[in-house]
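Residue-level listing of the chains:
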Amino acid sequence: MAVACNDGWLRRYDTLTFQIRDSFRVGAGLHLLARDKRGHTWALSAGNDSTLPALAGFNPQTRSLNVWELEGKKSAGSLCVSAGGDSVLFLSGGVYAMAVDAAAPPQKAMFSV
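The rules we used
All residue numbers here refer to positions counted from 1 along the written sequence of the relevant chain. Totals for whole chains, interfaces and linings use every residue, but because this is a predicted model, local features are given only for residues with pLDDT of at least 70 and side-chain atom pairs only at 80 or more, for both listing and counting. Only hydrogens and water are removed before side-chain values are computed, so all heavy atoms of the structure are retained for them. For two strands to be treated as a pair, DSSP must find no fewer than two bridges joining them. Secondary structure elements are taken from DSSP: a helix is a run of H or I of four residues or more, a strand is a run of E of two residues or more, and numbering for both begins at the N terminus. Two aromatic rings from Phe, Tyr or Trp, using only the six-membered ring of Trp, form a pair when their centres are within 6.5 Å; if the ring planes differ by under 30 degrees the pair is stacked, by over 60 it is edge-to-face, and anything between is tilted. Summary of the burial criterion: residues with accessible area below 20% of their type's maximum are buried, those above 50% are exposed, and those between are partly exposed, where the area comes from a 1.4 Å probe applied to protein chains only. What makes a salt bridge here is a side-chain nitrogen of Lys or Arg within 4 Å of a carboxyl oxygen of Asp or Glu, nothing more.

### Re the sheet that holds strand β11 (residues 111-112)
Next, step 1: Pairing is antiparallel across the open sheet formed by four strands, whose spatial order is β8-β9-β10-β11. Two strands in the sheet have a free side with no partner beyond their single neighbour: β8 (77-81) and β11.

Encoded structure:
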């Protein structure tokens, strides 16, 4: 089980012992999680005055984490996965959509809010 902690860490717990199995630093204001069709966990941190917001994708099979700072963004929020589980959507001054197998988040929003 993965848990987002507001201290900026994504932690994976053993559901039988409740012991922490893995901890990964994502960024300040981490508070949103979603799971895609492959079983990967996505996390979004809002950032703060001294750090950029960030999007992270965790692969439980390889126990690897990719973190992308959202350059040029002041905050981020409202993470979700599409109904088919093949895209991650988030708000950061606009609505962004990213294929779950993309190499990096898109630079341009689908539309501004």
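Anyway, onward from the coordinates.
### Remarks on the environment of K108
Next, step 1: Inspection of the secondary structure puts K108 in the loop between β10 (94-99) and β11.
Next, step 2: For K108 and D49, which are 59 residues apart along the polypeptide, the C-alpha to C-alpha distance reads 23 Å.

### Overview of the packing of aromatic side chains
Given two aromatic rings, one states the distance between the centres and the angle between the planes to describe the pair.
Next, step 1: Following the criterion strictly, the structure yields three aromatic pairs and no others.
Next, step 2: Both rings, one in F24 and one in F58, keep their centres 5.0 Å apart while their planes meet at 50°; by these two values the pair is tilted. One end of the pair, F24, is in strand β3 (residues 20-25); the other, F58, is in strand β6 (residues 54-59), with 34 residues separating them in the sequence. For the pair formed by F24 and F58, the shared burial category is buried.
Next, step 3: Between W42 and W68, the ring centres sit 6.1 Å apart and the planes meet at 15°, which makes this aromatic pair stacked. Taken together, the positions of W42 in strand β5 (residues 41-45) and W68 in strand β7 (residues 64-69) put the pair 26 residues apart, joining distant regions of the chain. By the burial criterion, W42 is buried, and W68 matches it.

### Considerations on unusual backbone geometry
Next, step 1: A positive phi angle, close to 60°, is found at F18, a residue other than glycine.
Next, step 2: Tracing the chain through its elements places F18 in the loop between β2 (9-13) and β3.
Next, step 3: Here the phi dihedral of S78 falls at roughly 55°; this positive angle occurs in a residue that is not glycine.

### Quick word on the pairing of β2
Next, step 1: Sheet analysis places β2 next to β3, joined by five bridges and oriented antiparallel. Note that in β3 the partner of Y13 across the bridge is I20.
Next, step 2: The antiparallel hairpin formed by β2 and β3 contains six residues in its connecting segment, where F18 sits at a positive phi of about 60°.

### Some points on the pairing of strand β4 (residues 30-35)
Next, step 1: Across five bridges, β4 lies against β5 in antiparallel orientation. When the bridges of β5 are listed, L33 appears paired with A43.

### Some remarks on the pattern of salt bridges
Next, step 1: Taken as a whole, this structure holds four salt bridges when the rule is applied.
Next, step 2: For the salt bridge of D7 with R11, the shortest nitrogen-to-oxygen distance reads 3.0 Å.
Next, step 3: Taking the relative accessible area as the measure of exposure, D7 reaches 41% and is therefore partly exposed.
Next, step 4: Salt-bridge contacts for R38 lead to D36; the nearest nitrogen and oxygen are separated by 3.0 Å.
Next, step 5: You can call R38 partly exposed: its relative accessible area is 34%.
Next, step 6: Residue class for D36 comes out buried when judged on its relative accessible area of 6%.

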